[in-house]
Amino acid sequence: MTEAMTHNIENRDEFNVEINGTVGKPLIDDPKFTTRNVDVHYGDKQAIFGVDLDVGKNEVLAMIGPSGCGKSTYLRCLNRMNDTIPICKVTGDFKLDGEDIYAKNQDPVLLRSRVGIVFQKPNPFPKSIYDNVAYGARLHGLTSNRAELDDLVEKSLIRAGLFKEVKDDLHKPGTGLSGGQQQRLCIARTIAVDPEVILMDEPTSALDPIATALIEELMIELSGKYTIAIVTHSMQQAARVSSRTAYFHMGKLVEVNDTDSVFTNPEHQLTENYITGRFG
Amino acid sequence: MQTHIIIITLLALLAFSYFTGRKRSIATASLSKGRYNLHSRPQYYGMMVVLWAGLPALLILFLWTAFDSTVVSALTVSQLPEDVQALSEGKLSLFMNEVKNIVDSGNVSDDTNKQIAAEHYKRLSEISLLAKTVVVFVIAVLIILVALRSIKPTLQARNHVERVMTWLMIACASIAILTTVGIVFSVIFEAIQFFKAVPVTEFLFGTHWSPQTAIRADQVGGSGSFGAIPLFVGTLLISLIALTIAVPLGLMSAIYLSEYASARFRAFAKPMLEILAGIPTVVYGFFAALTVAPFIRSFGESIGLEPSSESALAAGIVMGVMIIPFVSSLSDDVISAVPQAMRDGSYGMGATKSETITQVVIPAALPGIVGGVLLAASRAIGETMIVVMAAGLAANLTVNPLEAVTTVTVQIVTLLTGDQEFDSPKTLAAFALGLGLFMVTLILNIISLHVVRKYREQYD
Amino acid sequence: MSTHNTDKIKAKLKKRYAKERRFRAYGIASLAISFLFLLTLMVNIFSTGLPAFQQSYIKLDIHIDAEVLGVTKASDREALFSANYSKLVKGTLKEMFPDAKTRKEKRARNKLVSNSASYDLRDHVIENPELIGTTQSFWFLAKDDVDVYMKGKIDRNLPEDDRRIKDFQLTWIDQLQEEGRLEKRFNTTFFTSGDSREPEQAGIKGALIGSLLTMLVTMALSFPIGVLAAVYLEEFAPQNNRWVDIIEININNLAAVPSIVFGLLGLAVFIALFGVPRSAPLVGGLVLTLMTLPTIIIASRAAIKSVPPSIREAALGLGASKVQTTFGHVVPLAMPGILTGSIIGMAQALGETAPLLMIGMVAFVADVPQGILDPATVMPVQIYLWSDSPERAFTERTSAAIMVLLAFLVVMNFIAVMLRKKFERKW
C-alpha cells in the first residue's frame, strides 16, 4: 500500500471526526475504580491518550471499539498486568476504593488477588482441574486444611457453572477440557481467590456461540457479587451483558454512557459510525 | 600415473568437454526470432556432459583408490607360501605391514618370503594403478563421446543436469545414514570377535577389569579379565556428579536469564556461557588434572579425608561445569517455548514471579527439560578427554567420589592408543566398549529427541 | 468477605517475597558460579602459560677450533656436518666453570645449555666455514631447568634437596647473570619448531600446520556435502517420505553421538578398510568431517528455512526451475547463516581431541607435516601430549599452546558473530 492511499483512507468521512474529550457520563458517584489522565506508552508509541473513567460497584462495564483502540491495554492497567511487559509505561491516577494502586507501597501481587483477570484465550495451567482452581488459594494460603480447599474448589466450580460437567474428572488435566469449559475453569480459578473486581479481556472471542452464551449468563450472575469490566469485540455482547458501555477509538475514550443510550442514542458521531457498522 | 595426476588430467578433460558441449549445442541450433531454438541455455549442455562423464569416472577412481591396498594385500597374501598364509590374522597383518615398508623404502629384506611378497606387492600395485588409469579414462572418454553425440536442440539438458544435481544432493544427505551404518558395522564386527573370546555375560556382569595381562595372548592364562562392571559404575558415578552440578546450575542460569535478567545483562551473560561451551574438552581436562584435582586432594586432606589424586570428583565437577551451558541453552529454548498466556494466567491470579516459574512454567516445560537432561547425560557418558586426563586408569569398583575410577571412554582410549595388534582381545575389547557406549547414547538420544519433539508440537 | 481474604494474603506476603528473593539469588549464584569457574580457568591458564612466551638464552664465546672439530675451512659439507660440535660446546662450558669435580656436577655443567646448541653451532659453521679458527659469541637455548629457575619457579631458599637446581648450579647461573650471559627473550622456538622431547626445543609449528591441513580437509568435504544435504532436506525432499525421515533421525542422532565413537569408525573403516595412512591429516579430516556434518546441516537447514517462501514464489513465478530458484536465490540469501554455522562447526572440529587419538594422531611427530598424507598431530592432541609430560617446563608450554588454540577459536567465533550481525536480516 502506498503512502498516498493510506492517507486517503485516513481522511475518509467515517474517521474524520474530532475527539474533544469524552462525551456521556465517564464519571459516576460512589465508584469502585477511578482512573484519571491515563497515558500508556509502548516504547515510543503512545497507546492510550488521557483517559478518565470510573467503574461502578457491582456493575458490568463493557469496553468496545475497533482493533487497536487501546481497550485491552486499558483493562490490563487495572490490575497492573502491564507491569510484566518491560517496554510498557503507564502514567495517570488509578484508585481502587480510593487507594492508589500504582503507589510505591502498593503490591501488585496483593492487587491482583483483589482484581482478577480472565484472558482472551483460555489458559488453564498444565495441571489437573482441581489444582487449577486450587492454585490461587494455595498461593495465597487462603485455606488451612484439605477439607476447606475441597470445599472452596467445589464452590468455585459450582459458581462458574462447571461443577456438574467435571465433578468426576477433577483430577484430569484442565487442558483436556473443551474451549468453553476451559474458559469457565479460568473463571472458576479467578473467583476461587474471591476478588472484588473481575477483568475480562474478550473472554468469548475464541468460543462457539453456545459456550459464549453460557459465559455471558455467568457474567450477569456474577455481577451481583463482583464488579466486572469486560473488553469485547462484539457490540451485541456488550448490549446483552453490560449496564454501561465505553467506546474507545485510537487510544482515546470517545463516549461512555448507560448501555441503552450508547446503542440507541449515541452522542458522538464516531460512536454512531462504529455501532452502525460504517467501519470496524 | 599417480592418482593426483589422474585427477588433474581428468579435470582438464572435463573442462574441455564442457566447452565442446556448449559449442556443439550452439552449432546444432538454429536462430529463430533472434533466439536459438535450444531447449536449455548452452552452458547446461556443457554441464550435462561434464556431470555425466565426471561423476562415474571420479566415483570409480575414488572406490578403486579406497579399496586398492586391501585388494592388493589380499592378492599378495594369496600368492604367499602356505606356512605364511597359515599365520594368525594379527601376525599376518604385521607381516604385510613390513612388506609395505619394504616396498615404500625400496630396501632389500633378508627374509626371502618378505622379499618375494614385496615384489609381488609392488608388481600388483603397478598393475592396479595402470588398470585404474585405463578404466577411468576409457569410461570418461566414452561417455563424453556419447553425450556429445546426443546433443541436439530438443535435448532437455537443463532437466538432465537438474536430475543429476538432485541425485547428488540425495547422496550427500544419505551420508548421514552411511555414517550410522559405518559406526554400527565398525564396532559390531570387532565386538562379535571379542565376544567369541570373552563371553558376553562375563563382559556385562564381571566385576574385574584388567586387560593389561592380555598383551601376550598366546601365554597360558594370559587372557586377561574383561568384566566391565567397574567401568560402567565409574562412568555412571562421574556422569552423576557432572549432572548433579550441571542440571541445577544450568537450569537456574536459564531461568534467571530468560525470566529475570535485563536485556543488557542477557546480552553479556549469554555469550559468556557460550564461551564455556566453546572451550575444547582437552583444556577442561588439563584444568581438571592440574588445578582441580590437587585442590580437592589438599582440601580433602585438610578436613581429614583421603581423596585419591585422580578422584572421580575432580573429573565430575569439571565435566559438570562443561555441561552447564549445554543444559542452560536447551532449557532456555524450552522455557521460552512456554506460552506467555500461561504466565499471564498465573500473574493475573496474584502469583509472584518465582511462584509462576516453579508452579506453572517449569511444570509446563518439564518434558522438554527432561529431554535436555537426557541429552546432557548422553554427553557426559560419552565425554572422553576430561576423564582421560583427570580420572585415571584404576578400574576400582566403588561409588566413593573421592577414589579414582575409570570409565568406558578412558578404557577405549587406553586400549587403542599406542601400537597394538589390531585384533588382540585387548583392542577388540575397545570396540565392544564402543558398541556399548554407542547403544546407550543412541537410546538416550532417541528418547530425548522424541520427548523434545513431542513437547514442541504441544505448543506450536 | 473480601477484606478478610486481603488480610490473610497480606499476612503471608512478607514470607512469599523472601522466597522470591531467595529464588532470584539462586539464579544469580548459578551464573556467578559458572563465571567464576570460567574466570579461574582463564586466569590459571594465562598465568601458567604467559611465561612460556619467553625463553632463557645463554651466551657462550666459542673458539671454533679446527683441531677439535677435525675439519678445515676447505672441508666439504659432509665433513663439516659430521664433526663433533658438542665437544666444542662442552669444552667452552668447562673453561667457564672449571670447578665442576664430580661426575654429577660435570653432567650438570653440560646441561646448562640445551643439546640443540651443537646443532645451532653446526648449522652456523656450515653456512660460514670461514669462521673456523675464530672465536664467536653465540646465544644458545638454556636447558629447561635453568629456564624454569629464571622464571622464578624454583625458590632458591628451599633446602637443596627439594629443588631441581642445586647450589653449585646456582653459583654458575649467578655468574652467567653477572656477566650478562643469561637473559630471557621472546620465545621464537615455540612458534618455529615441531614437537621435541626437550621442553626448551618444543614448539607448536608442527601441530599448527597439522591442524591447518586437517581443517582444510574437513572444510573441503563437510561444507559442500553439508550444504547440499541441507538444501535437499529443506527444499527438495518429499514430505512424509520414509527415507527422508530416516535421514533426519540419523542427522539428529549423529549430532549427539560421542565423538570418540567417530574415532572408532575412522580406525575401522578409513584406516583398516580403506588403507588411509594412520596419523595423517587426511584421515583426521575425514573423521572430523563426519563429526561436523550434523552441525553444518542443522545450521544450514535453519538458515534456508528462514528465507521466506515469497522469494521462492517470486523466482518460480518468473519461470525459473526449482534448482535455479534454490541455487540462484535461496542459497545465496541463506549463505550468512550457513557460513556462521559452518564456522562454528569448524571451531568445534578444531578443538576436538578424542577421535583423533583413535586414529594415531597421538604419535610423537617431531617433523612439520608437508602434506595431508604425512604423519601429523593437531593442536588439541599436542596439548594432551604435553600435559602428560612430567617436566615442569612442559606444563607452561601446555598452557601456552592452549592460549594459542583459544586465540584461534576466539577469532573464528568472532568472525561467525560478525557475519551474523552484518548480514542478519529480519524478513
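Being a predicted model, the structure only gives us computed values, none of them experimental.

On a regular strand, one side chain projects to one face of the sheet and the next to the other, so that they alternate. Residue and element names in this part refer to chain A. Two strands pair when backbone bridges link them, and strand β2 (residues 31-42) and strand β3 (residues 45-56) are joined in this way by eight bridges, in the antiparallel orientation. For V40, the partnering residue across the bridge sits in β3 and is I48. Taking the residues between adjacent antiparallel strands as the criterion, β2 and β3 are bridged by two residues, where G43 takes a positive phi near 60°.

Picture the strands of a sheet paired through backbone hydrogen bonds; they go either parallel or antiparallel. Reading across the sheet, the four strands line up as β3-β2-β5-β6 (chain A) and stay open at both edges, with antiparallel pairing between neighbours. Lying at the two open borders of the sheet, with one neighbouring strand each, are β3 and β6 (99-100) of chain A.

L157(A), I323(B) and I412(B) are the most contacted members of the largest nonpolar core, which has 242 residues in total. Here this core gets 15 residues from one element, more than from any other, and that element is helix α8 (residues 229-260) of chain B. With residues up to four places along the chain from it excluded, the contact list for I323(B) reads A242(B), A246(B), A376(B) and A380(B). One finds Y85(C), L112(C), I165(C) and F168(C) within the second-largest nonpolar core, a separate group that totals 40 residues.

In this section: the pairing of strand β1 (residues 54-63) of chain C. Here β1(C) pairs with strand β3 (residues 182-186) of chain C via five bridges, running antiparallel. Along β3(C), the bridge assignment pairs S56(C) with K184(C).

Because each turn of an α-helix spans 3.6 residues, side chains separated by three or four positions end up pointing in the same direction. Across the nine residues of helix α15 (residues 408-416) of chain B, eight count as buried, placing the element largely inside the fold. Among all positions of α15(B), only V408(B), T409(B), V410(B), Q411(B), I412(B), V413(B), L415(B) and L416(B) are buried.

As a further point, take the sheet that holds β1(C). Residues and elements named next belong to chain C. With antiparallel pairing, three strands are arranged side by side in an open sheet as β2-β1-β3. This sheet does not close on itself; its edge strands, each paired only once, are β2 (135-141) and β3. Between one strand axis and the next, the sheet turns by 35° as a mean value, whatever way the strands run. Across seven bridges, β1 lies against β2 in antiparallel orientation. Considered in β2, the bridge of D61 is made with S137.

In this section: the confidence of the model for chain B. For chain B, per-residue confidence averages 87 on the pLDDT scale, and 95% of positions sit at 70 or higher. A low-confidence stretch, residues 213-217 of chain B (pLDDT under 50), is modelled with 10 contacts involving residues beyond four sequence positions or located in other chains.

Before going further, it helps to spend a moment on the UniProt feature "transmembrane region" (unreviewed entry) in chain C. Residue and element names in this part refer to chain C. With numbering matched to this structure, UniProt assigns "transmembrane region" (unreviewed entry) to residues 23-46, 207-233, 254-276, 282-304, 330-351 and 400-419. Within the segment residues 23-46, helix and strand shares are 100% and 0% respectively, and the terminal C-alpha atoms sit 35 Å apart. Annotated as 100% helix and 0% strand, the span residues 207-233 places its first and last C-alpha atoms 37 Å apart.

The interface is formed by 11 residues belonging to chain C together with 13 residues belonging to chain A. For chain C, the biggest contributors to the area lost against chain A are N5(C), I9(C) and R16(C); these three give 39% of the whole. Inspection of the region where chain C meets chain A yields zero salt bridges. Connecting chain C to chain A are four residue pairs in polar contact (both at pLDDT 80 or more). Here the residues of the side of chain C that touches chain A are counted per class, giving four nonpolar, three polar and four charged.

Here we come to the packing of aromatic side chains. According to the stated counting rule, one finds 32 aromatic pairs over all chains in the structure shown. Centroid distance Y18(B) to F19(B): 5.1 Å. Interplanar angle 75°. Geometry classified as edge-to-face. Pairwise contacts between aromatic rings join F194(B), F195(B), F203(B), W209(B), F226(B) and F232(B) into one cluster. The lysine or arginine in question, R189(A), covers the ring of F125(A), its NZ or CZ lying 4.2 Å from the ring centre. Positioned over the ring face of F326(B) is R379(B), at 4.2 Å from the centre of the ring.

Mapped onto this numbering, the UniProt entry gives "domain: ABC transmembrane type-1" (unreviewed entry) at residues 208-416 of chain C. Across residues 208-416 of chain C, helical content stands at 76% and strand content at 0%; the span's end C-alpha atoms are separated by 21 Å.

On to a nonpolar patch on the surface, then. Together, L59(B), F62(B), L63(B), F67(B), V71(B), L75(B) and L273(C) make up a nonpolar patch on the protein surface, roughly 620 Å² of accessible area in all. The residue L273(C) is located in the loop between α12 (259-271) and α13 (281-305) in this model. Residue classification places L273(C) among the partly exposed positions, given a relative accessible area of 36%.

Turning our eyes to something else, we now look at the interface of chain B and chain C. With 85 residues of chain B at the contact, the number on the chain C side is 75 residues. Buried surface at the junction of chain B and chain C, both sides included, amounts to about 6,800 Å², of which 78% is carbon and sulfur. A per-residue breakdown of the area chain B buries against chain C is headed by M169(B), F286(B) and F287(B), which together make up 10% of the total. Examining the composition of the side of chain B that touches chain C, we find that 19 residues originate from one element, helix α6 (residues 157-197) of chain B, more than from any other.

This brings us to the pattern of salt bridges. All names here are of chain C. In this structure the tally under the stated criterion is 41 salt bridges over all chains. Where K143 meets D144, a salt bridge forms, and the shortest distance between an N and an O atom there is 3.6 Å. Between R312 and E235 there is a salt bridge; the shortest N-O distance is 2.7 Å. One end of the pair, R312, is in helix α14 (residues 309-317); the other, E235, is in helix α10 (residues 205-236), and 77 residues separate them in sequence. For R312, a relative accessible area of 14% gives the class buried.

A few words on unusual backbone geometry. Backbone geometry at M250(A) places phi at a positive 45°, although glycine is not the residue there. Looking at where M250(A) falls in the secondary structure, it is placed in the loop between β10 (244-249) and β11 (252-258).

Okay, the state of the cysteines next. Residues and elements named next belong to chain A. One pass over the structure, following the stated rule, counts zero disulfides over all chains. Here C77 stays free of any disulfide, with the sulfur of C88 as its closest cysteine sulfur at 6.3 Å. Its relative accessible area of 0% is what places C77 among the buried residues.

The rules behind each value
- Note that residues are indexed from 1 along each chain, following the sequence as it is written.
- Going through the entries in the order they are written, you letter the chains from A and number the ligands from 1.
- Given that this is a predicted model, residues contribute local features only at a pLDDT of at least 70 and side-chain atom pairs are listed and counted only at 80 or more, while totals for whole chains, interfaces and linings are drawn from all residues.
- Hydrogens and water molecules were not included; the side-chain quantities draw on all heavy atoms of the structure.
- For two strands to pair, DSSP has to find at least two bridges joining them.
- Helix and strand assignments come from DSSP, with helices taken as H or I runs of at least 4 residues and strands as E runs of at least 2, each series counted from the N terminus.
- Residues grouped as a nonpolar core are buried Ala, Val, Leu, Ile, Met, Phe, Trp, Tyr and Cys residues, joined through side-chain atoms within 4.5 Å.
- For every residue, the accessible area obtained with a 1.4 Å probe (protein chains only) is divided by the maximum for its type, and the residue is called buried under 20%, exposed over 50%, and partly exposed between those limits.
- We call two residues in contact whenever any of their non-hydrogen atoms come within 4.5 Å of each other.
- Here an angle of 0 to 180 degrees is reported between the N-to-C directions of two axes, which are lines fitted to C-alpha atoms, with helices fitted over the stretch in contact.
- Known as pLDDT, the predictor's confidence for each residue is given on a scale from 0 to 100.
- UniProt positions are given in the numbering used here, feature names are shortened, and annotations may be inferred rather than shown by experiment.
- The term buried area denotes the loss of accessible surface (1.4 Å probe radius) that occurs when two parts are joined, taken as the sum for both partners.
- Whenever Lys or Arg places a side-chain nitrogen within 4 Å of a carboxyl oxygen from Asp or Glu, that contact is recorded as a salt bridge.
- A 3.5 Å cut-off defines polar contacts: any pair of N or O atoms within that distance qualifies, except that in protein one atom must be a possible hydrogen donor and the other a possible acceptor, and neighbouring residues in sequence count only when both atoms are side-chain atoms.
- Here the term charged refers only to Asp, Glu, Lys and Arg, the term nonpolar to Ala, Val, Leu, Ile, Met, Phe, Trp, Tyr, Cys and Pro, and the term polar to all other amino acids, Gly among them.
- In summary, the pairing rule links any two rings of Phe, Tyr or Trp, Trp by its six-membered ring, whose centres are within 6.5 Å, and it sorts them by plane angle into stacked for under 30 degrees, edge-to-face for over 60 and tilted for everything else.
- Sitting over a ring, as applied to charges here, requires NZ of Lys or CZ of Arg to be within 6 Å of the ring centre and within 35 degrees of the ring normal.
- Like-charged residues are merged into a patch within 9 Å and nonpolar side chains (Val, Leu, Ile, Met, Phe, Trp, Tyr) within 5 Å, provided each residue has over 30% relative accessible area and no salt bridge.
- Note on areas: these come from Shrake-Rupley sampling with a 1.4 Å probe, and a residue is covered only by the protein chains present in the view.
- Pairs of cysteine sulfur atoms within 2.5 Å are identified as disulfides in what follows.

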